[in-house]
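Remarks on the overall topology
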Amino acid sequence: MRRLVVIDAPSNLGLRPPAEGTVPGCYKLAGALREQRLVQRLGAYEGGVVVPPRYDRGGWREGDGVFNAAAIAAYTRKLADRIERHVRAGDFPVVLGGDCSIQLGASLALRRIGRYGLAAIDASADFRHPGNSERVGAAGGEELALATGRGQTDLTDLEGLRPYLKEEDIRILGIRDYDEDRVELSELKITNASVGEIREWGPEDLARATLQSLEAPVTEGFWVHLDADVLDPSVMPAVDSPDPDGLLPDELVPVLRTLVQSERCVGFNLTIYDPDLDPDGSCAALLADLVQRSFASP
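In the nomenclature of an unreviewed UniProt entry, the protein corresponds to Arginase from the organism Streptomyces bingchenggensis.

Next comes the structure, spelled out in structure tokens:
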């Protein structure tokens, strides 16, 4: 049994400010989940904190590319160092974000080691890039495009390892049925399943089919990325962009459990939950419960 190691990655560098003069509150995610005793409930080891640079967009304007790019690049390398060390040691990193740009740290770490896949459980593909949008800027909505080599080179080609992920090694689960990115994803052969399709197949059956494809010997394993906004806002309103018609907790758990309990899964991260939008802590309690249930022994 691999040991779980919880690592805090409290970066909010990839999100736009919720209001002028404020910063996104998702950097408090790890603290809120620790307050729910998640580390103890998982029986995990302590992996410490990877401290991010200061959130400061300076004089950034629309059209300038990704804001906080230099800080994100530096943080990606720093987080990758920590994740790589644990993966090489045979540990299973559980990384508590942060916004979705922290996923670049995992992708870079695994690219250093070999060829790995990604299962992203997310309300959106986070595939915005200069080829499909004029409004590039927030890496938290662009990290998958960046990981596949689309965008500015100071983020897409760190250490000369572009791309960190191959399109055919990516699976996206939980995007909304009306998501316009699905056309481009399908053209690129990035396998994706919407909430409606997950319900039509059945969450566990679809997860098993996804797992079978991820366990193909062409890769050395895969990482799981969970964005809290995959859940329906009726149960998870504490995210920056709540989209209706999301998964419910009992639909998410079988998907997440099937993936993270695979021997080929090498790590997991959780992103986007914002404690500032959860004054009574109920969303933190729900997320901690979902993660614990998913990692629990069968």
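1. Let's talk about empty space enclosed by the protein
Within this structure, the stated rule accounts for one cavity of 30 Å³ or more. If you add up the space inside the largest cavity, you get close to 40 Å³. Gln103, Leu118, Ala120, Asp122, Ser124, Ala125, Asp126, Glu143, Leu144 and His225 together form the lining of the largest cavity. Breaking the lining of the largest cavity down by element, the ones donating at least two residues are strand S4 (117–121) and helix H5 (143–147).

2. Quick notes on the side chain of Glu84
Residue placement: Glu84 occurs in helix H3 (residues 69–88). Leaving out residues up to four positions away in the same chain, Glu84 has contacts with Ala109, Arg112 and Ile113.

3. Some details on the nonpolar core
Residues Val224, Met236, Leu259, Phe268 and Tyr273 are the most contacted members of the largest nonpolar core, which totals 55 residues. Of the residues forming this core, the biggest block, eight residues, is contributed by helix H11 (residues 282–295). In contact with Tyr273, not counting residues within four places along its chain, are Cys26, Leu29, Ala32, Leu33, Ala228, Met236, Ala238, Val239, Asp278, Cys283, Ala284 and Leu287. One finds Leu13, Val50, Leu108 and Ile170 within the second-largest nonpolar core, a separate group that totals 49 residues.

4. So, the sheet that holds strand S5 (residues 170–175)
Read across the sheet, eight strands follow the order S2-S1-S3-S8-S7-S4-S5-S6 without closing on themselves; strand pairing throughout is parallel. Edge positions in the sheet fall to strand S2 (45–49) and strand S6 (191–194), since each of these pairs with one other strand and no more. Going across the sheet, the axis of each strand differs from the next one's by a mean of 15°, ignoring polarity. By the bridge criterion, three bridges tie strand S3 (residues 92–96) to strand S8 (residues 265–271) in an arrangement that is parallel. Its bridge partner lying in S8, Leu96 is registered against Leu270. Across the sheet, helix H10 (residues 249–260) touches S3, S4, S5, strand S7 (222–227) and S8, and the angle it forms with S7 is around 155°. The strands touched by H11 within the sheet are strand S1 (4–8), S3 and S8, with S8 carrying the most contacts at an inclination of about 170°.

Calculation rules
- Residues numbered from 1 in each chain as written.
- Predicted model: local features only at pLDDT ≥ 70, side-chain atom pairs only at ≥ 80, totals over all residues.
- Heavy atoms only, no water.
- 1 Å grid on protein atoms, 1.4 Å probe; cavity = no way out; pocket = protein on both sides within 12 Å on 5 of 7 lines; lining within 4 Å.
- Points joined across faces, edges and corners; volume = space filled by probe spheres on them.
- Helix = DSSP H or I, 4+ residues; strand = E, 2+ residues; numbered from the N terminus.
- Contact = heavy atoms within 4.5 Å.
- Core = buried A, V, L, I, M, F, W, Y, C linked by side-chain atoms within 4.5 Å.
- Buried < 20%, exposed > 50% of the residue type's maximum accessible area, 1.4 Å probe, protein only.
- Pairing = 2+ DSSP bridges.
- Axes fitted to C-alpha atoms, helices over the stretch in contact; angles between N-to-C directions.

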